[in-house]
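One-letter residues, chain by chain:
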Amino acid sequence: MNTAFRFYPPARIILFALLFISAQTTASCIPGFIYSRYVGNVAADSQCTDSTIQDAINNATCPGTTIYITNELSYANQHLSISGKSVNLVGSASSQCGVIVHGLTAGGPPGRIPVGGNGIDPVIAISGNAHVLLANLDISGGKGPDSSLAGGGGVSFNAAGGALTLNNLDVHDNSSGYGGGAGIYGDGTLTISGTRIASNHAQYGGGVSAASSYIGHIELLLADNPAIATEISSNTARNGGGGIYASGNLHLSAIADAPNRIVIHDNVVGDPNSGGSGGGIYFSGTGTADIALPGAGIHSNSADDGAGIAVMSSSSGNALLRLFSTSSMDVTTLFGNSATYTGGGLLVGPGTSTHATACLFDVAIANNTAPQDGSAINVENGGRLIVNPGNDPECKFADVAALGAVHCDSSTLNCNRIIFNQSGSGNSNSAPAAIDFTGAAVISARRLHLESNSGGYAIHGEYAAGAQLAFSECVIDHNTVSRELVKVQGAPISFDGCTFADDDIGASAVFAWDTGLSLTRSIVRESRQVFSLFSGVTANYLILNEPKMPTNSSVLYVDPLFVDAANGNYHLQTSSQAIDFAPLGAESGSTDFDNRSREVDLPGVANLFGARDLGAFEQQRQFACDDQSDVLFCDGFEIY
């Protein structure tokens, strides 16, 4: 007796895959009815309809037919072809036809029926306007073409419309020029849910490749499956995209609501004879990548450049990466990725007529390495890095909020932190930093905490003619650098509403520049002199650690009175002279690092030049002890 058909991806995927009725409907097929075929030992089991999977595909004349692949037989040396059909291939752990056995088991996901390739062709090749579901299968031993974008060693989809869903698959040990595990090319949709794609190899896209045709559009969806993790791991690519390679006119979506539901880890790009970018993800072309993976969803990947993610421009248009968090406590983090050269966590590639943009909303980049430029982030000529934007045409929080984005809780360890990234100390030809940029890069960063990184500098740019560089509401502390904390050559840089403290600086000054530096409404408490020179500097509304600049009535040389600097708490005590010090103005945003209002005028506190506090944090309300109504909390530490 047939048992109920049961799967565990999101319901919308099931309904779409099983009930889709295409134009193939014939007079003999009843719309909406689920037709079934069974692959097994036809001679010994009368309920089996087909002795091979390909026969079942060929005989599935009604759209939406579900083909159950039993374990009565073994399925090696397969090269299956599906052209323009609506069909579902579903592994059933039953030892007889007509009995469907699948569903979650006590030990884990449903059993997967092995389907092996012949070593010279893709295991499953799909083409045309096909709508296909593959479920409960173990796919290995396939090989796609060496050079065609229509790749895919395990599963290949050369799409002319249509959609392919992978549910509860294990796709491993396949190879291709593009998409070692799975590849989609042309115009269509690929959904990966509760599927492991691992230990595959390609030139581009060791795990997955997605490339649109000239007139096509690709939707690549890594689905949030609460029951079974979607995992892209331990794949290798020679030239780009160890885990995922995506290019052309496409949309990539990988959005999870909880940690470990979607993970991209331990993928590798490069070999001894060839370098490449995008250890976890390589994304380029005309389109948008929306990624939100709570916790360290992208970790331990490696590449020559852009070990975690590489977002690159192309001649076809602008590429846009939107990296955000769906949990206020489990922040999306690029963690523990390792670059041979540049961009340990993130690489934003170069562009001329087109550009690549990375929009970061309440995320973290932690524990990445790159011996040269950008242990955390490297932005190349023409690239744009926008962090927590106030008003940017490409990076709007409302757009990602519609996808589930939330602001992180400032008390969370990794909220907006670039932390524990490591690069080399630098030499006469190299000057690595946590954040590096070259040429006409654009960096606009708000509410960024740059902490405990090590290298030549914390922030560094060279040959930066035409660059636009602005940091605001930032905290920079406890970094260990062999040179200045910040050095920029070729373009001016500005810091507004920032706090610099307790960094271990190898040079004699905190800042070095050759074109211009603007430092306003900020606090610098370091053990080195603040400026390497005074020409080209704008310095207003500041508390600094030493009087080494021309007299300015808006600059004080006093203790800023942090709440608990020893433990990294750089909020202000109520008696700090930095409170209600500077003009308001929302040039760099209307909120402080904690995403609270900047326009707070505390009663009883004189405004020296205005009601805005110096540094990254704004005192939000009157202390209870200011009116002496409650002396229990009058130590200046409880409320800020």
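Bear in mind the structure is a predicted one, so any value in this text is a computation, not a measurement.

Thresholds, definitions, all that
- Residues numbered from 1 in each chain as written.
- Predicted model: local features only at pLDDT ≥ 70, side-chain atom pairs only at ≥ 80, totals over all residues.
- Heavy atoms only, no water.
- Helix = DSSP H or I, 4+ residues; strand = E, 2+ residues; numbered from the N terminus.
- Buried < 20%, exposed > 50% of the residue type's maximum accessible area, 1.4 Å probe, protein only.
- Contact = heavy atoms within 4.5 Å.
- Areas by Shrake-Rupley, 256 points an atom, 1.4 Å probe, with all protein chains shown as cover.
- Disulfide = S-S within 2.5 Å.
- Core = buried A, V, L, I, M, F, W, Y, C linked by side-chain atoms within 4.5 Å.
- pLDDT = per-residue confidence, 0-100.
- Pairing = 2+ DSSP bridges.
- Phe/Tyr/Trp six-rings, centres within 6.5 Å; stacked < 30°, edge-to-face > 60°.
- Salt bridge = Lys/Arg side-chain N within 4 Å of Asp/Glu carboxyl O.

1. What to know about the overall build of the chain
Working step 1: The secondary structure content of the chain amounts to three helices and 54 strands.
Working step 2: When each of the 640 residues of the chain is scored for burial, the buried share is 59%.
Working step 3: Within the chain, residue pairs in contact and separated by at least 24 positions form 75% of the contacts whose partners lie at least 6 positions apart.
Working step 4: Total accessible area computed for the chain in this model is approximately 22,300 Å², and 51% of it derives from carbon and sulfur atoms.

2. What about the state of the cysteines?
What we call a disulfide is simply a covalent bond connecting the sulfur atoms of a pair of cysteines.
Working step 1: With the rule as written, the count across this model stands at five disulfides.
Working step 2: For C29, the disulfide goes to C62, at an S-S distance of 2.0 Å. Taking the sign of the S-S torsion, about -85 degrees here, the bridge from C29 to C62 comes out left-handed. Here C29 is found in the loop between helix 1 (11–19) and strand 1 (36–39), whereas its partner C62 is found in the loop between helix 2 (53–59) and strand 2 (65–69), with 33 residues between them in sequence. In this structure, C29 and C62 share a single accessibility class: buried.
Working step 3: Across a sulfur-sulfur distance of 2.0 Å, C474 and C498 are joined as a disulfide pair. The S-S bond linking C474 to C498 shows a torsion near 115 degrees; that makes this disulfide right-handed. With C474 in the loop between strand 41 (468–472) and strand 42 (475–477) and C498 in the loop between strand 45 (493–496) and strand 46 (499–501), this pair connects stretches of sequence that are 24 residues apart.
Working step 4: The buried category is assigned to C498, whose relative accessible area is 0%.
Working step 5: Among the cysteines of the chain that take part in disulfides, numbered as they appear in the sequence, the pairing is 1-3, 2-4, 5-6, 7-8, 9-10.

3. A word on the nonpolar core
Working step 1: Counting residues in hydrophobic clusters, the biggest one holds 112 residues, and the most contacted among them are L346, F495 and F511.
Working step 2: A per-element tally of this core places strand 9 (residues 155–172) first, with seven residues.

4. Re unusual backbone geometry
The general pattern is negative phi for most residues beyond glycine and trans for most peptide bonds.
Working step 1: Positive phi, normally seen in glycine, also occurs at S199, with a value near 60 degrees.
Working step 2: Tracing the backbone shows S199 in the loop between strand 12 (196–198) and strand 13 (201–204).
Working step 3: Notably, R521 is not glycine yet its phi reads approximately 50 degrees, a positive angle.
Working step 4: Residue placement: R521 occurs in strand 49 (residues 517–525).

5. Some remarks on the confidence of the model for the chain
Working step 1: Here the chain averages 89 in pLDDT, and 90% of its residues register 70 or above.
Working step 2: Contacts of residues 1–25 to residues separated by more than four positions or lying in other chains number 59 contacts, the stretch itself having pLDDT below 50.
Working step 3: Every residue in residues 623–639 scores below 50 in pLDDT, and together they form 18 contacts with partners more than four places removed in sequence or on other chains.

6. Some points on the pairing of strand 20 (residues 262–265)
Working step 1: Judged by which residues are buried, strand 20 turns out to be covered on both faces: I262 and I264 on one side and V263 and H265 on the other are all buried.
Working step 2: Of the pairings in the sheet, the one linking strand 16 (residues 230–233) to strand 20 comprises four bridges and is parallel in character. For S233, the partnering residue across the bridge sits in strand 20 and is H265.
Working step 3: Bridge count between strand 20 and strand 24 (residues 298–299): two bridges; the pairing is parallel. Each residue of the ladder has a partner; that of I264, found in strand 24, is I298.

7. Details of the sheet that holds strand 39 (residues 454–455)
Adjacent strands of a sheet pair through backbone hydrogen bonds, lying either parallel or antiparallel.
Working step 1: Within the open sheet, the three strands sit side by side as 39-43-47. Their pairing is parallel. Both edges of this open sheet fall to strand 39 and strand 47 (504–505), since each of them pairs with a single strand only.
Working step 2: As paired elements, strand 39 and strand 43 (residues 480–481) share two bridges and run parallel to each other. Bridge pairing links G455 to V481 in strand 43.

8. What to know about the packing of aromatic side chains
Working step 1: The final tally for this structure, using the stated rule, is 17 aromatic pairs.
Working step 2: Ring geometry for F495 and F511: centres 5.8 Å apart, planes at 50 degrees, overall tilted. Of the two residues, F495 is situated in strand 45 and F511 in strand 48 (residues 509–513); the sequence distance between them amounts to 16 residues.
Working step 3: Among the residues examined, F511 registers a relative accessible area of 1% and is labelled buried.
Working step 4: With a centroid separation of 5.7 Å and an interplanar angle of 70 degrees, the aromatic rings of F593 and F617 are classed as edge-to-face.

9. Looking at the side chain of S284
Working step 1: Relative to the helices and strands, S284 resides in strand 22 (residues 281–284).
Working step 2: For S284, a relative accessible area of 6% corresponds to the buried category.

10. Observations regarding the pattern of salt bridges
Working step 1: Under the criterion given, the structure shown has 18 salt bridges.
Working step 2: Ionic pairing is found between R598 and E618, a salt bridge with its closest N-O pair at 3.0 Å. In this pair, R598 is assigned in the segment after strand 54 (569–572) and E618 in the segment after strand 54, connecting sequence segments 20 residues apart.

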